[in-house]
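# Close look at the chain arrangement
What follows is the residue order along each chain.
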Amino acid sequence: MDYYVLTLFPKMIEACISTSITGRAINNGYISMTSVNIRDYSTDRHKHVDDYPYGGGAGMVMQAEPIYRACEDIKMRTKKKPRIIYMTPQGRVFDQSIAKELAGEEELVFLCGHYEGIDERAIELEVTDCLSIGDYVLTGGELAALVVIDAVSRMVPGVLSNEESGISESFENNLLEYPQYTRPEEFMGMKVPEILLSGHHANIEKWRRQQSLLRTAESRPDLLKKADLDKKDMDYLKNNIKNLQL
Ligand code: ADE
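Residues numbered from 1 in each chain as written. Predicted model: local features only at pLDDT ≥ 70, side-chain atom pairs only at ≥ 80, totals over all residues. Heavy atoms only, no water.

### Some words on the site of the ligand
Around the ligand lies a shell formed by Met 87, Thr 88, Pro 89, Leu 131, Ser 132, Ile 133, Gly 134, Tyr 136, Val 137, Leu 138, Gly 140 and Ala 144. Between the ligand and Thr 88, the relevant distance is 3.2 Å, taken from a nitrogen atom to a main-chain nitrogen or oxygen of the residue. Here a nitrogen atom of the ligand and a backbone polar atom of Tyr 136 are 2.8 Å apart. Taking 260 Å² as the accessible area of the ligand by itself, protein coverage stands at 95%. In terms of residues, the shell around the ligand owes the most to one element, strand β5 (residues 83-93), which gives three residues. Class assignment of the residues belonging to the shell around the ligand gives a composition of eight nonpolar, four polar and no charged. (Near = heavy atom within 4 Å. Polar contact = N/O pair within 3.5 Å; in protein donor to acceptor, adjacent residues only side chain to side chain. Areas by Shrake-Rupley, 256 points an atom, 1.4 Å probe, with all protein chains shown as cover. Helix = DSSP H or I, 4+ residues; strand = E, 2+ residues; numbered from the N terminus. Nonpolar A, V, L, I, M, F, W, Y, C, P; charged D, E, K, R; others polar.)

Structure follows, in structure tokens:
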């Protein structure tokens with residue numbers, strides 16, 4: 001997977017992406033990152049990239065031309081016409097299924113805005129997708145792009161080791177993950193659940209499934225509605241959750 005990020009703060013992207021699992025994936029050639037400074041595409045003598053909004057109002061708006069020129073330049077470097085994803089609170093809300101879908105692309109371009117947003121004409125001309133990471137407003141699109149890149153990268157074959165990708169995870173089948181414990185067996189008087197020490201794999205699996213069901217019902221009942229539940233799951237939930245609504 002080859003990522004391109006158009007931003008006014010390329011260092012922010014590089015610092016984050018070069019650490020931990022994404023850093024390892026870059027070193028091993030599974031992903032690549034090209035961060036592109038939009039300011040380099042300004043034709044203005046002072047390298048301005050923003051101006052006052054037509055119609056008045058607070059803040060500044062990023063001008064269309066540097067963004068348009070940066071996108072056109074990237075498209076000349078990519079193999080195919082890439083998806084150009086604008087990070088904005090107005091976009092479709094990102095989730096695990098979108099992460100999986102994007103991981104199927106060979107190249108992805110992210111456009112990060114700042115100030116009061118981007119001139120609409122640049123969006124109309126270049127952007128193929130708008131994505132939000134949630135209903136709150138960040139100071140810029142960089143952190144949002146990094147969230148998407150991180151979640152997409154771990155879906156790219158080879159990025160996680162076999163052991164890492166074997167981990168059953170939150171949102172697989174719309175259920176949250178069960179609780180985990182490691183040594184010591186007792187910490188501050190709190191004991192690891194007996195069943196996990198039993199060595200009885202079938203019972204452990206059953207307990208973990210029940211814990212996932214409980215957690216999802218308590219914290220994310222919206223997800224539970226989309227989960228694939230069998231009769232045993234339903235019976236367990238009915239017996240253990242008051243006011244279960246499915
Ligand atoms: N830019 C500012 N806020 C954002 C959000 N919530 N998601 C994506 N991009 C953003």
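Following the structure, the description resumes.
### Concerning the nonpolar core
One finds Tyr 3, Phe 94, Leu 102, Phe 110 and Val 152 to be the most contacted residues of the largest nonpolar core, which totals 28 residues. Among the elements of the structure, β1 (2-7), α1 (10-17), β5, α4 (96-103), β6 (107-112) and α6 (142-153) are those that each provide at least two residues to this core. Here this core takes seven residues from α6, the largest share from any one element. For Leu 102, the contacting residues outside a window of four places in its chain are Met 1, Arg 83, Ile 85, Phe 94, Leu 108, Leu 131, Val 148 and Val 152. Tyr 4, Leu 8, Ile 38 and Ala 64 belong to the second largest nonpolar core, which has 21 residues in total. (Core = buried A, V, L, I, M, F, W, Y, C linked by side-chain atoms within 4.5 Å. Buried < 20%, exposed > 50% of the residue type's maximum accessible area, 1.4 Å probe, protein only. Contact = heavy atoms within 4.5 Å.)

### Topic: the sheet that holds β5
If you trace the five strands from one edge of the open sheet to the other, you get β2-β1-β6-β5-β7, paired in parallel fashion. Of all the strands in the sheet, just β2 (32-37) and β7 (129-132) have a single pairing partner and so form its edges. Taken pair by pair, the neighbouring strands of this sheet meet at an average axis angle of 30°, ignoring direction. Note: β1 against β6, five bridges, orientation parallel. Paired with Leu 6 across the strands is Leu 111, a residue of β6. Sitting on the sheet, helix α3 (residues 64-77) touches β1, β2, β5 and β6, and the angle it makes with β1 is about 165°. Seen against the sheet, α4 touches β5, β6 and β7 and runs at an angle of roughly 175° to β5. (Pairing = 2+ DSSP bridges. Axes fitted to C-alpha atoms, helices over the stretch in contact; angles between N-to-C directions.)

### Digging into the environment of Phe 9
Tracing the sequence through the fold places Phe 9 in the loop between β1 and α1. With 126 residues separating them in the primary sequence, Phe 9 and Asp 135 have C-alpha atoms 23 Å apart. Residues contacting Phe 9, with those up to four places away along its chain left out, are His 114 and Glu 142.

### Describing a nonpolar patch on the surface
On the surface, a nonpolar cluster with roughly 450 Å² of combined accessible area is contributed by Phe 9, Met 12, Tyr 136, Leu 138 and Leu 143. Counting through the fold element by element, Tyr 136 comes out in the loop between β7 and α6. With relative accessibility at 45%, the residue Tyr 136 sits in the partly exposed group. (Patch = residues over 30% accessible without salt bridge, like charges linked within 9 Å, V, L, I, M, F, W, Y side chains within 5 Å. Salt bridge = Lys/Arg side-chain N within 4 Å of Asp/Glu carboxyl O.)

### Side note on the environment of Leu 223
Here Leu 223 is to be found in helix α9 (residues 221-224). Taking the C-alpha atoms as reference, Leu 223 lies 9.1 Å from Asn 173; in sequence the two are 50 residues apart. When residues no more than four places from it in sequence are discounted, the contact partners of Leu 223 are Phe 171, Asn 174, Leu 176 and Thr 216.

### Regarding helix α2 (residues 20-27)
Looking at α2, one finds that the buried residues are Thr 22, Gly 23 and Ala 25. Projected down its long axis, α2 carries its buried residues within an arc of 160°, all on one side. More than 90 degrees from the buried face of α2, the exposed residues found are Ser 20 and Asn 27. Tucked inside the fold, the buried residues of α2 contact α1 and α6. Downstream of α2 by a residue or two, Gly 29 has a phi angle that is positive, lying close to 80°. (Arc of directions from axis to C-beta.)

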